[in-house]
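Structure assessment
The chain contents come next:
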Amino acid sequence: MNALNIKYILCIILSISFLVSQSRKEKSIIDFIEARYSANTDSVRLFLDDDFIYYHIPYVGLGINTKSTISGLTVIEDTSFIDTNSILNSGDVIIEINGIEINNISNYNIENVIKGSTGDSINITYIRDDEIFSSMFSLSKQQYKQSSESFIKDIKNYGKRWFEYDLEILDIFSKKNQFIVYYEWEGILFENGPAYSYRSMEIIKTNTSNNRVYSIDALWSEKQFKDQFK
């Protein structure tokens, strides 16, 4: 028996050992993750509790969403942040940050220029009702959250974007209705294109009455993944 065959048999044994060691509930969570990354939205809906919330990894910022327009960065109304004290209103147009004009900021990406620790201040110049204002804003800890509909919408977009992907569950631990899942994801945007990858750890909680997923807490740094695209 050659080394290749031995390696193949060992992989099968390890895979079987991994599967056997999982409880029925843990296998259900793995099925949910696989449905999520395969963009099988019908299956994902069956897994999610009516009160499902996905908590993204916390970060320091202003707690606003913007879209790029001809004038600058326009603030759009969004209630998906857990804690925000920003005095910017929906419709305000940011034209300058810390003395840098928005037109000179690469890709209109506000995350590239709003940096600092909790309590740090930044100066923002913005237009409101055709008047120009300049104010100091304090950065604070923010956390973006999603309901089931927003979560499923992102899953659909994911399915359209990636040409191919691979998902490997590295480990899973559970206690009652709480599961800690550690997995690795790798994908390509087009055939024979460069591979993007990350390792993720999430805390997934289920409703004890129906065993459906009612919350996910992300523990990996999404910024590390996004930085690959810059």
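Residues numbered from 1 in each chain as written. Predicted model: local features only at pLDDT ≥ 70, side-chain atom pairs only at ≥ 80, totals over all residues. Heavy atoms only, no water.

1. Side note on the overall build of the protein chain
We apply this condition: Labels follow the DSSP assignment, with helices taken as runs of H or I lasting at least four residues and strands as runs of E lasting at least two, numbered in each case from the N terminus. Exposure is judged per residue with a 1.4 Å probe applied to protein chains only, and the accessible area is read against the type maximum: over 50% gives exposed, under 20% gives buried, and values in between give partly exposed. Note on contacts: a residue pair is in contact if any heavy atoms of the two residues lie within 4.5 Å. Where accessible areas are quoted, they stem from the Shrake-Rupley method and a 1.4 Å probe; at the residue level, only the protein chains shown are allowed to cover.
Each helix and strand counted, the protein chain has five helices and 14 strands in total. Counting the 230 residues in the protein chain, one finds 33% classified as buried. When contacts within the protein chain are restricted to residue pairs at least 6 apart in sequence, long-range pairs at least 24 apart make up 56% of them. As presented, the protein chain carries roughly 14,100 Å² of accessible surface, and 49% of it is formed by carbon and sulfur atoms.

2. Description of the packing of aromatic side chains
How we decide: Only rings of Phe, Tyr and Trp enter the pairing, Trp through its six-membered ring, and a pair is recorded when the two centres are within 6.5 Å. The plane angle decides the type: under 30 degrees is stacked, over 60 is edge-to-face, the rest tilted. Each ring is checked for a lysine NZ or an arginine CZ that lies within 6 Å of its centre and within 35 degrees of its normal; such an atom marks a charge sitting over the ring.
Counted according to the given criterion, the structure contains twelve aromatic pairs. Measuring from ring centre to ring centre gives 5.6 Å for tyrosine 37 and tyrosine 183, while their planes differ by 65°; the resulting arrangement is edge-to-face. Of this pair, tyrosine 37 sits in helix α2 (residues 24-37) while tyrosine 183 sits in strand β12 (residues 178-188), and the two are 146 residues apart along the sequence. The pair formed by tyrosine 37 and tyrosine 183 is uniform in burial state, with each residue classed as buried. Ring centres of tyrosine 158 and tyrosine 165 lie 6.0 Å apart, and the angle between their planes is 70°; on these two criteria the pair is classed as edge-to-face. What makes tyrosine 158 buried here is its relative accessible area of 14%. Judged by its relative accessible area of 30%, tyrosine 165 falls in the partly exposed class. Among the aromatic side chains, those forming a connected cluster through ring pairs are Tyr37, Tyr158, Trp162, Tyr165, Tyr183, Trp185, Tyr196 and Tyr198. A cation over an aromatic ring shows up here: arginine 36 above the ring of tyrosine 54, its NZ or CZ 5.5 Å from the ring centre.

3. As for the environment of serine 147
Structurally, serine 147 can be placed in the loop between β10 (145-146) and α4 (148-161). Note on serine 147: relative accessible area 36%, which makes it partly exposed. In this structure, the C-alpha to C-alpha distance between serine 147 and serine 80, residues 67 residues apart in sequence, is 8.7 Å. Beyond its immediate stretch of four places on either side in the chain, serine 147 contacts Phe52 and Ile53.

4. Considerations on a negative patch on the surface
To keep it simple, the criterion reads: Nonpolar side chains (Val, Leu, Ile, Met, Phe, Trp, Tyr) within 5 Å and like charges within 9 Å form the patches, drawn only from residues with over 30% relative accessible area and no salt bridge. Should a side-chain nitrogen of Lys or Arg be within 4 Å of a carboxyl oxygen of Asp or Glu, the pair is scored as a salt bridge. For the charge count, each Lys or Arg is scored as positive and each Asp or Glu as negative, with His and the chain ends excluded. Where a charge sits is defined by one atom per residue type, namely NZ (Lys), CZ (Arg), CG (Asp) or CD (Glu).
A surface patch of like charges, here negative, comprises Glu164, Asp166, Glu168, Glu186 and Glu191. Looking at which element gives the most residues to the negative patch, the answer is strand β11 (residues 164-175), with three residues. With respect to the secondary-structure elements, aspartate 166 resides in strand β11. Aspartate 166 sits in the partly exposed class, given a relative accessible area of 48%.

5. Notes on the sheet that holds β12
The strands making up a sheet associate through hydrogen bonds between their backbones, and the pairing can be parallel or antiparallel. To be explicit about the condition: Any two strands between which DSSP finds at least two bridges are classified as paired. Inter-axis angles, ranging from 0 to 180 degrees, are taken between N-to-C directions of lines fitted to C-alpha atoms, where helices are fitted over the stretch in contact.
Spatial ordering of the open sheet is given by β10-β1-β14-β13-β12-β11, a layout of six strands whose pairing is mixed. Looking at which strands have only one partner, the edges of the open sheet turn out to be β10 and β11. Here four bridges tie strand β1 (residues 48-55) to strand β14 (residues 213-218), and the two strands are oriented parallel to one another. By the bridge assignment for β14, leucine 48 is matched with valine 213. Across the sheet, α2 is in contact with β1, β11, β12, β13 (195-206) and β14; its angle to β11 comes to roughly 155°. The sheet strands contacting α4 are β1, β10, β11, β12 and β14, and the helix crosses β1 at an angle near 70°.

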